[in-house]
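Remarks on the overall topology
This is what each chain is made of:
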Amino acid sequence: MKKYFPMIKSIVLYTVLTGATVLMSFPLFWMISSSLKTVEETNSPGVVWIPQNPTLEAYTAIFQNQDFLRSYFNSVFYVTLALAGTLISIAAVAYAFSRVDWPGRNVVFFLMLSTMMIPAQALIVPQYVFFNKLDWIGTFNPLIIPGYFAGGAAMIFLLRQSMSQIPKELDESAFVDGVNHIQIWWEIILPLVKAPMATIATFLFVGLWNSLLTPLMYLQTVDLYTLPVYVSTLYNINQTVQPWPTIMTAAVLTTAPLIVVFFFAQRYILESVVVSGLKG
Amino acid sequence: MPQNPYLNVLVTAALTVVFIVASSYGLGYIARFIAKLSGASPKKQENTFAGYFFAAPWIVGFLIFVVVPLGFSLYWSFTNYRIASGEPTTWVGIQNYQTILFEDDGFRASLINTLYLTVIGLPLQIGVALFLAVLLNQKMQGERVFRMAFYLPVILGFNTAVLLCWRLMLNTGTGIINQIIRSLSTAFPPFNWLNRAVIYIQEVSAAFFLGLNTGKYNLLLKVLEAGFPAENRVPLWVQSPLWTKMSVVLLMVWGCGAMMLIFLAGLNNIPKELHEAAEVDGATPWQRFWKISFPLLTPYIFYNLVVGMIGALQIFEPIFVLYRDNQPIVSSTISMVYYLWQKSFSHFEIGYGSAISWIVLVIILIVTVIQFRLQDRWVTYDIY
């Protein structure tokens, strides 16, 4: 009996873990399955696990929906623009906190860490007034420009940790050769922190792609809507029968980039969540 | 500024970059000048320039987007400032704060709802995360795949599209979750009993919390009077005020992957020798978990608790997507941030909204400080 114990244990373990995986991924399966159904099937009282005659009707329809396509473009456009600026400014600030020794560094660093306690939402009201004064309501500016000022203390912290681990001798020998700080930052340090940069880019991408509150506040017209805002309008309480296949098709197309990015970046993410989470 | 929205933001972004670079040089030169005056060595002057040059984007952004807004909102919180109203802004003292803390039903509801999520939701979420972490810690083949599968919901979590899928699944009549509950209930009588017991406990506790909200316990009495749920009862996820918070808890449990990773790191940090020694002494796995792993994991549990509680104050997307259009039940699940958004941007009462922001800010600071103080009492950092 005793010798079978490890085998039984691993069978139980795998069964439980597989069960949990099925439960955790079920919404994704249901999303894809529902996108291939007919409206009747999604609203029927009986369970339709996999549609009898999968139909791509919702997909062909949504590729002709100008509003959806525009919101997709808007999301890609704004996320790209915001990501580029945020990433570069974070890289610059992390360099200052890790590779340069300057008076006041510890004070500024402490200030930066303490901003992590300020919830972004506590700032939405005054920032709204500020952007209103600048006449930025109804433009993409409020979603993009703040990030250019190294938005995201946790991300700066994460990158600073990685940059600190690079041996000091590397840039010191470069200094002797007459290379300046900007060159060291761009040509020596940044290539060495590609992996953490990829992690940070992924986190920023996910945050921007999923963001609902700020686009909702600042993008007032349909032609500026990003995906989350537009998709939320597809569900309409005034309709008795919801067009679920259409909504779920939009959902599949909205989540696809997230899943692709996660798949490629998962190795870095799964490790750094722990680093940033615990020490932050 | 160009009319085209895309061109407009591109131009603004370019101007912002110019502004940031200019302010970087400006700050750098000023810092170097001060260093020079104080007689620093040329090398030190160079470093001072570089430090402020590279840190400038954050310093300038901190002033523009954090310090100044916080200052203004503190001032506005003592006024009746409203955007788009012609009336002049007047100083009202602490009136906004008084109204929010003592008379505002919506704010009270958001506080109680956060309490519910903390008392009932977080333990469930932390429990599931810990359970999954302990399973994954067994070091077996394919661990990475499971880890990915459990973390994916965190990435997808609060995306509107995914939340709409939950709305489809949680539909009371035709949703797949209730369909499964129904068929399992018919097939296995014990499951039916379990289902009804869970419904009963959940509805009584939710009714109690709703009672705390309004100060009237009619609903609780009604639930108690109705007695044990009938055989064909199913949860009323997004339909009844008794269930809205539970739906949010369900989403929290689904997204427990981030907490799970923290626990995995904690389990990894436990010295192997402790478990080996205990095994030699004949301790069962169950005993080893409670006597060795659990005490050593308390700092991680504590960390997840703080983060989870602060997160509960800020839940926005699920409420917006699941309940926004169902006004009568929104207040049963509203979070503090949702309330802040609703209050500030429905009537643009900036003064009142600013006061709410400051209360949220202070609550988060207090929670953090209290929990850091308390952690000394019950958190075990080592058991040697």
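About the cut-offs
Residues numbered from 1 in each chain as written. Chains lettered and ligands numbered in written order. Predicted model: local features only at pLDDT ≥ 70, side-chain atom pairs only at ≥ 80, totals over all residues. Helix = DSSP H or I, 4+ residues; strand = E, 2+ residues; numbered from the N terminus. Rg over C-alpha atoms; globule rule 2.2 N^0.38 Å. Buried ≥ 20, exposed ≤ 12 C-beta atoms within 10 Å, placed from the backbone. Contact = placed C-beta atoms within 7 Å. Axes fitted to C-alpha atoms, helices over the stretch in contact; angles between N-to-C directions. Left-handed = near helix turned anticlockwise from the far one by under 90°. Nonpolar A, V, L, I, M, F, W, Y, C, P; charged D, E, K, R; others polar. Domains from an automatic or database assignment. Core = buried A, V, L, I, M, F, W, Y, C linked by C-beta atoms within 7 Å. pLDDT = per-residue confidence, 0-100.

Moving on, we come to the overall build of chain B. In terms of regular secondary structure, chain B is built from 17 helices and zero strands. For chain B, the C-alpha radius of gyration of 27 Å lies well beyond 21 Å, the compact-globule estimate for 384 residues. Seen along its three principal axes, the alpha-carbon backbone of chain B occupies a region of about 80 × 65 × 45 Å. When each of the 384 residues of chain B is scored for burial, the buried share is 41%. Contacts in chain B between residues far apart in sequence, at least 24 positions, make up 68% of those at least 6 positions apart.

So, about the overall build of chain A. Scanning chain A from N- to C-terminus turns up 14 helices and zero strands. The helix and strand sequence of chain A, counted from the amino end, reads α-α-α-α-α-α-α-α-α-α-α-α-α-α. Whereas a compact globule of 280 residues would reach a radius of gyration of roughly 19 Å, chain A reaches 24 Å, over 25% beyond that. When burial is assessed residue by residue, chain A has 43% of its 280 residues classed as buried. Long-range pairs, those at least 24 residues apart, make up 78% of the contacts in chain A between residues at least 6 apart in sequence.

Residues and elements named next belong to chain B. Where helix 4 (residues 105-136) contacts helix 10 (residues 244-254), the two axes come as close as 9 Å, and the packing angle between them is 35°. Relative to helix 10, helix 4 is oriented so that their crossing is right-handed. Residues Asn113, Tyr116, Leu117, Ile120, Gly121, Leu124, Gln125 and Val128 of helix 4 form the contact with helix 10, whose own contacting residues are Lys245, Val248, Val249, Met252 and Val253. For the contact of helix 4 with helix 10, a count of residues per class yields nine nonpolar, three polar and one charged.

What follows deals with the interface of chain B and chain A. Opposite the 83 residues of chain B that make contact, chain A presents 82 residues. Looking at the side of chain B that touches chain A element by element, the count peaks at 19 residues for helix 2 (residues 42-76) of chain B. Considering only residue class, the side of chain B that touches chain A consists of 59 nonpolar, 20 polar and four charged.

When you line up the elements, Val176 of chain A lands in helix 9 (residues 169-176). Spatially, the C-alpha atom of Val176 of chain A lies 44 Å from that of Val260 of chain A, the residues being 84 residues apart in sequence.

Partitioning chain B into structural domains gives domain 1 (5-76) and domain 2 (100-172 + 236-378). Computed from C-alpha coordinates alone, the two centres of domain 1 of chain B and domain 2 of chain B are separated by 37 Å.

A few words on the environment of Asp281 of chain B. Assignment of secondary structure puts Asp281 of chain B in the loop between helix 12 (272-280) and helix 13 (285-313). Considering only alpha carbons, one finds Asp281 of chain B and Gly61 of chain B, 220 residues apart in sequence, at a separation of 59 Å.

We now examine the packing of helix 1 (residues 5-37) of chain B against helix 2 of chain B. Helix-helix packing is characterised by the crossing angle of the two axes and by the distance between the axes. Residues and elements named next belong to chain B. Between helix 1 and helix 2, the least distance of the axes is 7 Å, while the angle of their chain directions is 145°. Read as a crossing pair, helix 1 and helix 2 show a hand that is right-handed. For the pair formed by helix 1 and helix 2, the contact residues are Ile20, Ser23, Ser24, Tyr25, Leu27, Gly28, Ala31, Arg32, Ala35 and Lys36 on the first element and Lys44, Gln45, Thr48, Phe49, Tyr52, Phe53, Ala56, Pro57, Ile59 and Val60 on the second. Of the residues that constitute the contact of helix 1 with helix 2, the class distribution is 12 nonpolar, five polar and three charged.

Attention now moves to the nonpolar core. Residues Val93, Ile156 and Ala251 of chain A are the most contacted members of the largest nonpolar core, which totals 169 residues. The leading source of residues in this core is helix 4 (residues 66-98) of chain A, at 14 residues. Lining this core are residues from two domains, each supplying at least three of them: domain 1 (5-76) and domain 2 (100-172 + 236-378) of chain B. The residues touching Ala251 of chain A, leaving out its near neighbours within four places in the chain, are Met31 and Val231 of chain A together with Ala161, Val162, Leu164 and Cys165 of chain B. Core analysis: the next-biggest nonpolar cluster, separate from the first, contains seven residues, Ile124 and Val129 of chain A together with Trp76 and Ile350 of chain B among them.

So, about helix 16 (residues 336-346) of chain B. Because the α-helix completes a turn every 3.6 residues, residues three or four places apart line up on one side. All names here are of chain B. A large share of helix 16 lies buried, amounting to nine of its 11 residues. Three or more residues of helix 16 are buried, namely Met336, Val337, Tyr338, Tyr339, Leu340, Trp341, Gln342, Lys343 and Ser344. Phe348 lies just past helix 16 and shows a positive phi near 55°.

Residues and elements named next belong to chain B. Per-residue confidence for chain B averages 88 on the pLDDT scale, and 97% of its residues sit at or above 70. Mean pLDDT across the elements of chain B bottoms out in helix 15 (residues 327-330) (78) and peaks in helix 1 (95). As scored by the predictor, the complex reaches a pTM of 0.91 and an ipTM of 0.90.

Note: most residues except glycine have negative phi, and most peptide bonds are trans. Residues and elements named next belong to chain A. Unlike most non-glycine residues, Asp135 shows phi in positive territory, near 65°. Relative to the assigned elements, Asp135 resides in the loop between helix 6 (124-133) and helix 7 (141-144). In this structure Asp135 comes out as exposed when scored by C-beta crowding, with 10 C-beta atoms within 10 Å. Even without a glycine there, the phi angle at Ala150 is positive, about 50°. Structurally, Ala150 is set in the loop between helix 7 and helix 8 (153-164). The exposure class of Ala150 is buried, given the 31 C-beta atoms found within 10 Å.

Of all residues in chain A, 95% attain a pLDDT of 70 or more, and the chain-wide mean is 88. Considering each helix and strand of chain A separately, the mean pLDDT is smallest for helix 14 (residues 244-279) of chain A, with a value of 81, and largest for helix 4 of chain A, with 95.

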